[in-house]
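Structural features, examined
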Amino acid sequence: MAFAAVNSLGYLGIDAYAVKVEADIDQSFPGFDVVGLPDASVKESRDRVRAAMKNCGLEFPQAKITINLAPADIRKEGPMYDLPIFMAVLCASLQISGVPEGSAFIGELSLAGEVRPVKGVLSMAIEARNIGFQSLFIPRANAAEASVVEGMEIYAVERLEEIIAHVTGRTVLSPISSMDFSCNESDKVPLDFSDVRGQEAAKRALEVAAAGGHNVLLIGPPGSGKSMLARRLPSILPDMTFEEAIEATKIHSVAGILPSEVQLLKTRPFRSPHHSASSAALAGGGRMPSPGEVSLAHNGVLFLDELPEFDNKTLEILRQPLEDHQITISRSSGRVTYPCDFQLIAAMNPCRCGYFGHPTRPCTCRKGAVEKYLSKISGPLLDRMDIHVEVPPVEYKELSRSAPSESSRVIRERVNQARLIQQQRFEGKGISCNARITPALLHEFCPMTDDASKVLQMAFDRLKLSGRAYDRIVKVARTVADMDAEEVINSQHIMEAIHYRTLDRDYWRN
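First, a word on scope: everything that follows refers to the structure included in this document. Since we're looking at a predicted model, the values are computed, not measured.

Turning next to the packing of helix 2 (residues 45–55) against helix 3 (residues 82–92). At a closest axis distance of 10 Å, the pairing of helix 2 and helix 3 adopts a crossing angle of 60 degrees. It follows that helix 2 is oblique to helix 3 by the angle criterion. Where helix 2 crosses over helix 3, the handedness of that crossing is right-handed. Taken together, the residues of helix 3 that come into contact with helix 2 (itself represented by Ser 45, Arg 48, Val 49, Ala 52 and Met 53) are Asp 82, Ile 85, Phe 86, Val 89 and Leu 90. Partitioning the contact of helix 2 with helix 3 into residue classes produces 7 nonpolar, 1 polar and 2 charged.

Let's shift gears to the pairing of strand 17 (residues 343–348). With respect to burial, strand 17 is a largely interior element, 6 of its 6 residues being buried. Alternating residues of strand 17 divide into Gln 343, Ile 345 and Ala 347 and Leu 344, Ala 346 and Met 348, and every residue in both groups is buried. With 4 bridges joining them, strand 10 (residues 216–219) and strand 17 adopt parallel strand pairing. For Ile 219, the partnering residue across the bridge sits in strand 17 and is Met 348. In this structure, strand 14 (residues 301–304) lies alongside strand 17, joined through 4 bridges in parallel fashion. Note on strand 17: the bridge partner recorded for Leu 302 is Leu 344.

Another aspect to go through is unusual backbone geometry. Residue Pro 71 is reached from Ala 70 by a cis peptide bond, and omega for that bond is 5 degrees. When you line up the elements, Pro 71 lands in the loop between strand 4 (64–70) and helix 3. Not every positive phi belongs to a glycine, and Gln 199 is a case in point at roughly 55 degrees. As for its position among the elements, Gln 199 is in the loop between helix 6 (160–167) and helix 7 (200–212). The phi torsion at Glu 306 lies on the positive side, around 55 degrees, for a residue other than glycine. Note on placement: Glu 306 falls in the loop between strand 14 and helix 12 (312–316).

Our next topic: the sheet that holds strand 18 (residues 387–390). Judged by pairing direction, the sheet is parallel, and its 5 strands sit side by side in the order 11-14-17-10-18 without closing on themselves. Edge positions in the sheet fall to strand 11 (270–271) and strand 18, since each has one partner strand and no second. As judged from the 4 bridges shared by strand 10 and strand 18, these two strands associate in the parallel manner. Counterpart to Val 216 in the pairing with strand 18 is Ile 387. The strands touched by helix 7 within the sheet are strand 10, strand 17 and strand 18, with strand 18 carrying the most contacts at an inclination of about 160 degrees.

So, on to the side chain of Ser 405. Mapped onto the fold, Ser 405 is located in the loop between helix 16 (396–399) and helix 17 (408–425). Looking at Ser 405, its side chain comes within polar contact range of the main-chain oxygen of Val 196, at 2.9 Å. The residues contacting Ser 405, other than those within four sequence positions of it, are Phe 193, Ser 194, Val 196, Arg 197 and Lys 203.

Quick look at the layout of surface pockets now. Counted as a void, the largest pocket has a volume near 1100 Å³. Lining the largest pocket are 45 residues, and of these Asp 341, Ile 431, Ser 432, Cys 433 and Arg 436 sit closest to its centre. Listing elements by their share of the lining of the largest pocket, those giving two or more residues are helix 9 (242–254), helix 13 (319–324), helix 17 and helix 20 (467–483). The biggest single contributor to the lining of the largest pocket is helix 17, with 5 residues. By volume, the second largest pocket amounts to about 330 Å³.

On to the environment of Leu 229, then. With respect to the helices and strands, the residue Leu 229 is situated in helix 8 (residues 226–231). For Leu 229, a relative accessible area of 0% puts it in the buried group.

We now examine the pattern of salt bridges. Applying the stated criterion across every chain yields a total of 24 salt bridges. Arg 352 is the salt-bridge partner of Glu 309, the closest N and O atoms lying 2.8 Å from each other. Residue Glu 309 is located in the loop between strand 14 and helix 12, and its partner Arg 352 is located in the loop between strand 17 and helix 14 (369–374); the two are separated by 43 residues in the primary sequence. With a relative accessible area of 48%, Arg 352 lands in the partly exposed category.

Turning our attention to the nonpolar core. Of all hydrophobic cores here, the largest spans 108 residues; its most connected members are Ile 67, Phe 86, Met 87, Leu 136, Leu 318 and Phe 342. Tallying contributions element by element places helix 3 first for this core, with 9 residues. Discounting chain neighbours no more than four positions away, the residues touching Phe 342 are Asn 215, Val 294, Ala 297, Gly 300, Leu 302, Leu 318, Pro 321, Leu 322 and Arg 436. With 50 residues, the next largest nonpolar core counts Leu 218, Val 391, Ile 411 and Leu 442 among its residues.

On to helix 21 (residues 491–499), then. Among the residues of helix 21, Ser 491, His 493, Ile 494, Glu 496, Ala 497 and Ile 498 are the ones counted as buried. N-cap assignment for helix 21: the residue whose side-chain oxygen lies 3.0 Å from the backbone N of Gln 492 is Asn 490.

A few words on the packing of aromatic side chains. Applying the stated criterion across every chain yields a total of 6 aromatic pairs. Pairing Phe 32 with Phe 60 gives two aromatic rings, centres 6.0 Å apart and planes at 10 degrees, and the pair type is stacked. On the criterion of sequence distance, the pair formed by Phe 32 in strand 3 (residues 31–35) and Phe 60 in the loop between helix 2 and strand 4 is long-range, its members being 28 residues apart. Residue classification places Phe 32 among the buried residues on the basis of a relative accessible area of 5%. An aromatic cluster of at least three residues, connected via ring pairs, comprises Phe 105, Phe 137 and Tyr 155. Stacked on the ring of Tyr 355, the Lys or Arg Arg 361 has its end atom at 4.0 Å from the ring centre. One Lys or Arg, Arg 425, reaches over the ring of Phe 426 and ends 5.5 Å from the middle of that ring.

One way to put it is that helix 3 packs onto helix 6 with a least axis distance of 12 Å and a crossing angle of 45 degrees. Considering their axes alone, helix 3 and helix 6 lie oblique with respect to each other. Considering the relative orientation of helix 3 and helix 6, their crossing is right-handed. Contacts between helix 3 and helix 6 involve Leu 83, Phe 86, Met 87 and Leu 90 on the former and, on the latter, Leu 160, Ile 163, Ile 164 and Val 167.

Rules of the game
Residues numbered from 1 in each chain as written. Predicted model: local features only at pLDDT ≥ 70, side-chain atom pairs only at ≥ 80, totals over all residues. Heavy atoms only, no water. Axes fitted to C-alpha atoms, helices over the stretch in contact; angles between N-to-C directions. Helix = DSSP H or I, 4+ residues; strand = E, 2+ residues; numbered from the N terminus. Parallel < 35°, antiparallel > 145°, perpendicular 65-115°, else oblique. Left-handed = near helix turned anticlockwise from the far one by under 90°. Contact = heavy atoms within 4.5 Å. Nonpolar A, V, L, I, M, F, W, Y, C, P; charged D, E, K, R; others polar. Buried < 20%, exposed > 50% of the residue type's maximum accessible area, 1.4 Å probe, protein only. Pairing = 2+ DSSP bridges. Polar contact = N/O pair within 3.5 Å; in protein donor to acceptor, adjacent residues only side chain to side chain. 1 Å grid on protein atoms, 1.4 Å probe; cavity = no way out; pocket = protein on both sides within 12 Å on 5 of 7 lines; lining within 4 Å. Points joined across faces, edges and corners; volume = space filled by probe spheres on them. Salt bridge = Lys/Arg side-chain N within 4 Å of Asp/Glu carboxyl O. Core = buried A, V, L, I, M, F, W, Y, C linked by side-chain atoms within 4.5 Å. Phe/Tyr/Trp six-rings, centres within 6.5 Å; stacked < 30°, edge-to-face > 60°. Lys NZ or Arg CZ within 6 Å of the ring centre and 35° of its normal.

Here you go:
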């Protein structure tokens, strides 16, 4: 009996780190202890390892077994350490001579010796390559997401016998092949803007939002098409870059919601939580903090339908992520920061009955009820919405029109062209789109004509805009100018951007 050490990895948030799994076997009273801040699922690995070893025809040591997971000052969570613990015990009990140099192991074990999938494999595979490991053994079900990592050999296995045969030289496994990232039309969502009849003004506003990454508030009576429009926004969003796809896939992987057949997320995430969602569901949390809806929507869209029905405290949580594009969750077990650079699309009725301001149907709300309903949306949150759009009821002639509306493919081509202009403008600046222009760079990237400046000043004084509203109007105008392929913002661009900020004065004027 002896000592052995096997490489593995763990993750905290979306960042991975190396873990050394050490096994010591001592000929004394039989026992199996796991140290190094393991949680309950890690401690239970002793039973899974014991049963898997027996059912694979191997001998489980009748001795004192001590497993240490280093570094010992970071809490270890999840069943991903089953496989490295199994390999360390095999080496320490001299049933195999050792594992390949520079190799690492990740995976959960079944009692029958199957290697089951775990969360966070993409983050751990990238870190394994960065550390300099030559090979990584992972579950077969995680092969798709790991195939994006180049620069090392990755072996995907289904059973323990495959690994044992490989390390002993009886049967050599073939590493999985790396994938080429490409985003094509077959990956796009099936919902199309051609399904929407009428609402040309709202379509234009969403096109501007997609081109510049702006937040949008849609307000209108029931049945006017607010949700229908919002759910088709992903069909016109620009292609994700490889770096954006990696970040989004990491988050979905550590959350455990990445489908096994998906290599990388090629379409931007679209998250639509129910209005009963709690603060923790939106922001993230738990004993070991996991990503919430704001992080799962990273590089995509967070759609909040029936906005006033959300709890006020839940909505106010959005204010900081909308500004900082990251959220830090602190718990007694640790502190984790998740990225959350998303577009917020919100939809709401103008009142409880839904018909306040309707051209033909009277509002049935009691006196003061409209103001109470609208007051659920705070001024600071409303101020963070770049574009406010009224979605009126659709007329019969629009619904009965047989001619098809403009398709998402056509709109998306214009959006991609506007984003290409922005990518060239912001190259090397760490800015992804117009909505992310920092105040320090606003004047550099948003030059405007004298007429445009005068129009903006007049609107600022008359509408009593805040400094944040000023910045957001200029950024939206920058996007409108990009869609016209104009480098300098003119008065027409400014007026369209101002038009998208006047709706709150109609509904929230008091």
